[in-house]
Every structure is written in C-alpha cells, then in structure tokens.
Amino acid sequence: MPFLQRNSVYRQVIFLSALLLGLLCPLSGQWIPLNPVRKVVKIPRGIVATQAAGALRIVFDTAQIAHVQYSPTGNFQRHKNYVVLPQHWTPVKWRLRQNRRAVILASARLSLILNRKSGSLMFAAPGHAPLYMDNARVMKPARIQGRTTWHVLDYAGIYGSTESLYGLGQHQAGVWDYHGESVKLTQGNTNIAIPMLVSSRGYGIFWNSSSPTWFNNRLTHAMYWRSLEGNVLDYYFFYGPRLHRVVADYRRLTGQAPLLGRWAYGLWQSKNRYNSQAELLHIAAKYRRLKIPVDNLVQDWFWWNNMGSFQFNAHYPHPAAMMRQLHRKHFHVMISVWPYFYPGSRVYDTMKKNGWLLASAIAPSYFKAGMSLYDPTSRAARHYYWDQIKQALFRRGFDAWWLDDDEPGSRTRTLLWHRRLAIGSGARYANLYPLMQVRGVYDGQRRTSRKRVFILSRSAFAGSQRYAAVAWSGDVLSDWLAFQRQIPAGLNYSISGLPYWTTDIGGFFMGHPDSPAYRKLFVRWFEYGVFCPILRVHGTRVPNHNELWSYGRAAQTILTKYDRLRYRLLPYIYSEAWRVTRHAGSLMRPLVMDFRHDAIARRTGNEFLFGPSLLVSPVTEPDVKQWTVYLPQARWYSFWTGKRRTGGHFIVTRTSLATEPVYVRAGAIVPLGPELQYASQKPENPIELRIYTGANGHFNLYNDNGITYAYEHGAHETIPIRWNQASRTLTIGARRGSYPGMLQKQIFHVVWVRPGHGVGEAVTRHPDQTIQYDGKPVSVREPLAAK
C-alpha cells in the first residue's frame, strides 16, 4: 500500500475509516467497489436482491440459520451439494421491512440488514446488536482447466477487539484463537480443512465451498474468505448464542454422528508397524496375560503383497484364522487401507480400464514410483473400492478401517487442483477427497452388515462426522512442543462440529522407549489421551516397541492406572457419546462452549471439558511439580482428592508424573463402571454413582447392545438421574426404552464425594448407599454423615 508509506496522518485516517466502513481490502489496499441494490423480490422465507453486479439471495432456513448466496450472473440453479444434506425446513416466521436506506429481514432470533447503497449485509442479534458485517461479495472471472469460472471472495468485518474466533478444522501452529490470524484451508498431513468459523459472540459461519480456501483476519477488525473456484458465493450464518446450539445447527445441516461400537471407546493399541500375524497374536496374548485393559489392535501399512492388490504378504499366512483367534480373546482389529494402486494387479487394471485412477507417479516418496490415486468422487469407483475391502478384509473378520493418506499426500494435494474429478473440477472439489473416501467405505459396510462402522481418517471435511469418521492429528513430532499444540488443535476441530478426534499418543516421529526423558513425555501424552474422544497409542519407535509395558515398570504402573480409569469411565463416556448422536453434543469441549461470558475461558486453549463434568488441564511441560489451572466461575472438586475449590480464578496445584489435573464441576453426576479388561467383558453392574454436591445436576445414563445399529430403531435404554441441591435428594427416574439383553435390575452404589471419599480411579470400598433399581423411580436423601 504505497500511500501508507508516506508520512501523512490525513491519509492514514482516511485509510482506517475506509477499513471500518468495509470499503477497502485490509491486505491489498484495493478499494472494494460499492454494489448498490437495484431491486428486491420477496420469495418464500427470504428475498432475492438484484444488485448493480449480480444478485443476492437470502433465506431463513430456521429462525437462527440464514443462508446467503451471491451469484455474479443472477443464476441460483441448484447444483449437487456433497456436504449439506437435503433439508425439509419448516416454515419460519419472519418480517420484511424496507426503506430508502436498507432492507431488513428479521426473525425472532436474527436480523439481517442489507444496505441499499453499498450492498453490505449486517447480521444482528435480537434488538439489532451487530454481530458480523458482510461488506462485499466479489466474484472474479477466471479460466481454470480451460473453463470460464470465478474466483470467490468475501470481505467482512467483526465488531470489537475482544471477539475470539475458533474452528476452521485442525491445524498445527499451536493457535487457539484465530482472531488476528490467517489460515490456509487445504487438506494436508497434520492439517484438516473445515470451513466452519465459530465466534465467542455466539455465532458461526459455514463457508459452503469445497474448493481450496484462504481465511484471513490479520487486520483484526476485518477478514476475508477467498476460494479458488465457484459459481456462487455460498455460506450459512448460525446464531446460538450458546455455542452448543451453533454446533448442533451445523450438524443439522451436514449430518449427525452415528454411535461407534462400545469397544471403540476403549484403548487402541498401535505402532508403526506390526510386521506379522505372529507378532499381533503375541501382543494380544501379553495384554490379556498382564490384565491391561484393551479392546483394539491396529495393523498398519505394508501388510499387502502389492500396494492396492488387497492380498496379504507371506507374513500373514492365515488372516481369517488370525482374526478368529483375536476375536476369541475379545479384540477388534483395524487395518490400514490406502487410496493408491500399483500396476500389475487385477484391481489396478480394473480401475484403470474404468477411468477411476486420477494420475500416475504422484504417490508419496516412501512408495514406488508409478502408483496411481483412485477417484472416490466416482460412485462406481467407491462401490468397487468397498467391494475389494469386503472380499479381502471384512469377510475375513476385520472390524475397522484406517483410511490413511486420504488428504491425499502433500505432493498430490495441489496436483488435484488441476485435475478433473468424476464430479467436476478438482479446483472446486479438492477438499472433498477425504469426505468421499470415508463415504464409500461407510455406505459400503452399511449395505453389507448391521455392525457399526469405525473409520480412522488422517483428514476430514465438513460432513465427515456422518460417516463414522474419526480424524487424528497426523504425523506429528515426538516432543513437548508438538504435544502442547495438540490441545488447541483438537479443541478447534471439535468446535468446528466434528466430535471424534485423537492423536498419535507419544507423537509419530520419533520416540525412544528406553529414554527416561521420552518416557515422561509418553506418560503425560497418554494421560491427556485418556480424556480424548478416542484413546489411541501410535508412532514410530526406536526400538520398535509401543505397548504400555514398553516404557519401564514405573511408567507401566501409571499408564495402566489411567487405562483402568478410562474403562471405569465407560458408562459416562458412552452416555455422552449417545448425546453426541442424539442431541449433537460434544465429548471434547473447549471452555468457551460452557463459559462463553468468561473472558479468561474464551482465551483458554490448553484445558477443556471432557463431557459436561470433567475439566482436564494436561501437563505439557517436563519435570514440573506445580501446574497452573484456570477454574471458570463455578464450584469444583479435585477428582483425585475430593477437595473443593471455588472457580473464577487461576489456582496452582501440585502435580507429579502420576497426576493429571482433573476437576469435577459441582452438580455433576459421574457414573463409573466395574473394572474391565475389555468393554464387553461383563455388564456394567454395579454402577458407582459419584455425586458432586453444590449445585443441581442431572445425567442421562444410556445403554444399548454396543454392536449394531438397532439403537436407530429404538433398541436402547436411558435412565434419568437427578440431584436436587435444595432438598439434598438423588432421584433415579423411570427407565425409558429397552433392548434385547438389557439388565432388568441394576445396582447403584451411591457416593457423595468429599475429601478422601469417592476419589481417584479406584472403586470406592464403602459407598454411602446402595440402590437396587428395577426400572421404577427411586429417591434417596444424602446421609448426614456425607454432608
């Protein structure tokens, strides 16, 4: 911006005023042209406004969801949308008012004010409190792949310097609040592009484009979105103001997350890599012999004879027999499947003949040259791909699918922008690749079996949650800085609307199990992982051992303690997983989701809530004896000691390598099950109910068969549990629903938590009361001794 280089206060005042009015691009310094409104036509649920250039379409999908589209040609013809699901919106009550200066659309929850002179569009809360300003929508003609199309830009403004911005998927820069930041929304190892922005002021924006996109808020009161290609500028605006509501509305638009198998919430044992059938069987037997709880083993890459052949090499002589043995030991097994195919196999020939391969010689460098990437945007290719998995793996008993490198690959990523996919231009659809990849496998298994799908995917896109996809943070380093960065990365992913996420516990590159320093890192990372939606150890180790006994006896004791805690928490975790599915909840919740009006909570990206009750503050530095924790405004209990603390400030707590700071909110009801070696070992009976007094509380205990999709047809039970602080009464309400194999009678050991009583991972030896529950309501008062 040359004029800023001159020492002129006058020019700088003009510049800043233009920025505030949205007339100047904050980064290029170019003037944004006014785009006056010429004509307004009312349509069902909204308007179409003809502007000097193009047309703007605004509709209310609900009272708090507005859909905005801008077309340079005025053509709003519907195109196939692979992210937003078809909706049947109910009629919305809204009003249209116009004057010579503005067009105002108002529902009971949200107002939109279109400036006739400039074409800017302001979003306002009830009472016209401004939230967000869409200053100008710009479509620049472009030639891409020999076609005439448009680059898509949107210049916007936000109000106030204290607003925080979250979401946008998962990125590894260690940033929690994107106010003042810029983000490249393209798929890549360790970076997941989700164009969903959430504001601490109670709104969210879903930028409805699968094209490579750039978000920029470097000049903190102004921002822009820029996508490589599109026919229409398209976004949804959600107003909560509760951020849980914003996430729920995003899921309503893009799909709900199905329940994973109960086993999926247990421990996943993995490394780079198990080299044979014999090694897998040995590891399984040793876990059971040592009585370390685990449900899942993972077979990473190079099990194949030839990439893409779906044939096992000689180190796996009898995969079906291996799976029968592992199932008898109550293990589930996930196997790595890649999207690359090497010449010389029947599968490669079939894919090439049908035009389902995108390019050759673009595979990652650790594979042979000449491999090709398959195109999952082709429906026929997806069907064929699943059929290979079904014949070679699913019918042999494998339980879950690790769809690795589905960004796909850094060198492939930009190449896709210049390719034609089955559904159209790669420049328009490149970010869709991981969504279409998981869709093919999910849809294929749902057609084949009633067994619940589990997919681990190195990348994701908006809507991936509806296909039982769990993302992980990619191939991160094995050091303390990488560990620190996982926490804001996971929280931003979760608030983007996708509930299932995990990491390579210990990092992928490059851990040394015999190193005392690395052992400390692994233990701390595992303690954090216990409170992630999915608990999974993985990575490259030297020597190549990554089981919980690989880190020395002292570490094994701590790791096993936390692993047992995870399994005791399964009733809590599985019930919250049901809330994810049924009510669009979130297992991993940044503090801002529950404490939006707390300025410190808004800025806190290094601790989080696990479900509604447990506050976790991971220790991400070595050799510390004290750790600073922020407790939001509420009353809290130490999970480990039962000591009560008042929130609204920072506290300094003692910590050791064996102690992760975990606090429980007053009013919480936390169900813990019996000690288990695997999730389905025995019915969850008895249940220890820990009651944290100091506020009213409730919890809905959920259960089903844990294996199939029968819950979608009503085969499940919920038990409502309430704590009334005023009357000091616990009420277990009438059971709702049933399913085959359900426990008819449940024992509840009730524990009113206090210092030294009902604490830690161990079963409480002397509960305060025992309830024999038969499905009918029952109430008990807190004993005097527990107060």
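Fair warning: this is a prediction, and the values are worked out from it, not measured in the lab. (Residues numbered from 1 in each chain as written. Predicted model: local features only at pLDDT ≥ 70, side-chain atom pairs only at ≥ 80, totals over all residues. Heavy atoms only, no water.)

## Some details on the confidence of the model for the chain
Then, number 1: On average, residues of the chain score 93 in pLDDT, and 94% of them are at 70 or above.
Then, number 2: Within the model, pLDDT remains below 50 along residues 1-22, and this stretch shows 24 contacts once partners closer than five positions in the same chain are excluded. (pLDDT = per-residue confidence, 0-100. Contact = heavy atoms within 4.5 Å.)

## Quick notes on the nonpolar core
Then, number 1: The biggest cluster of nonpolar side chains holds 190 residues, and the ones touching the most others in it are F206, L393, W401, F454, F526, F531 and L730.
Then, number 2: Once residues within four sequence positions are removed from consideration, F454 is found in contact with L260, W263, A264, W268, M334, A400, W401, A468, V470 and I534.
Then, number 3: Judged by nonpolar contacts, the second largest core, of 46 residues, contains L131, L168, Y203 and W207. (Core = buried A, V, L, I, M, F, W, Y, C linked by side-chain atoms within 4.5 Å. Buried < 20%, exposed > 50% of the residue type's maximum accessible area, 1.4 Å probe, protein only.)

## Details of the packing of helix 5 (residues 346-353) against helix 6 (residues 379-392)
Then, number 1: Direction vectors running N to C along helix 5 and helix 6 enclose 170°, while the axes themselves pass 11 Å from each other. By the criterion of interaxial angle, the relationship of helix 5 to helix 6 is roughly antiparallel. Here R346, V347, T350 and M351 of helix 5 lie close against helix 6, whose contacting residues are A381, Y384, Y385 and Q388.
Then, number 2: In terms of residue class, the contact of helix 5 with helix 6 is made up of five nonpolar, two polar and one charged. (Axes fitted to C-alpha atoms, helices over the stretch in contact; angles between N-to-C directions. Helix = DSSP H or I, 4+ residues; strand = E, 2+ residues; numbered from the N terminus. Parallel < 35°, antiparallel > 145°, perpendicular 65-115°, else oblique. Nonpolar A, V, L, I, M, F, W, Y, C, P; charged D, E, K, R; others polar.)

## Section: the packing of aromatic side chains
Then, number 1: For the coordinates displayed, the defined rule picks out 63 aromatic pairs.
Then, number 2: Ring geometry for Y709 against Y711: centres 6.1 Å apart, planes inclined by 40°, an arrangement best described as tilted.
Then, number 3: With relative accessibility at 6%, the residue Y711 sits in the buried group.
Then, number 4: Each member of the aromatic cluster is reached from another via a ring pair, and the members are W301, F302, W303, W304, F312, Y316, W338, Y340 and F398.
Then, number 5: Stacked on the ring of Y709, the Lys or Arg R446 has its end atom at 3.5 Å from the ring centre.
Then, number 6: One Lys or Arg, K561, reaches over the ring of W640 and ends 4.5 Å from the middle of that ring. (Phe/Tyr/Trp six-rings, centres within 6.5 Å; stacked < 30°, edge-to-face > 60°. Lys NZ or Arg CZ within 6 Å of the ring centre and 35° of its normal.)

## As for the pairing of strand 7 (residues 111-115)
Then, number 1: Burial within strand 7 is extensive, with four of its five residues counted as buried.
Then, number 2: As judged from the five bridges shared by strand 6 (residues 102-107) and strand 7, these two strands associate in the antiparallel manner. Paired with V103 across the two strands is L114, which belongs to strand 7.
Then, number 3: The hairpin turn running from strand 6 into strand 7, its antiparallel successor, is three residues long.
Then, number 4: Note: strand 7 against strand 8 (residues 121-125), four bridges, orientation antiparallel. Residue pairing across strands places I113 opposite M122, the latter belonging to strand 8. (Pairing = 2+ DSSP bridges.)

## A few points about helix 5
The periodicity of an α-helix, 3.6 residues per turn, causes residues three or four positions apart to be oriented the same way.
Then, number 1: Among all positions of helix 5, only V347, Y348 and M351 are buried. Angularly, the buried residues of helix 5 cover 100° about the axis, an arc narrow enough to put them on a single face. For helix 5, the exposed residues lying more than 90 degrees away from the buried face are R346 and K353. (Arc of directions from axis to C-beta.)

## What about the environment of A106?
Then, number 1: Among the secondary structure elements, A106 is positioned in strand 6.
Then, number 2: The exposure class assigned to A106 is buried, which follows from its relative accessible area of 8%.
Then, number 3: In this structure, the C-alpha to C-alpha distance between A106 and P44, residues 62 residues apart in sequence, is 14 Å.
Then, number 4: If near-sequence neighbours (up to four positions away) are discounted, A106 is found in contact with F60, K93, W94, R95 and S111.

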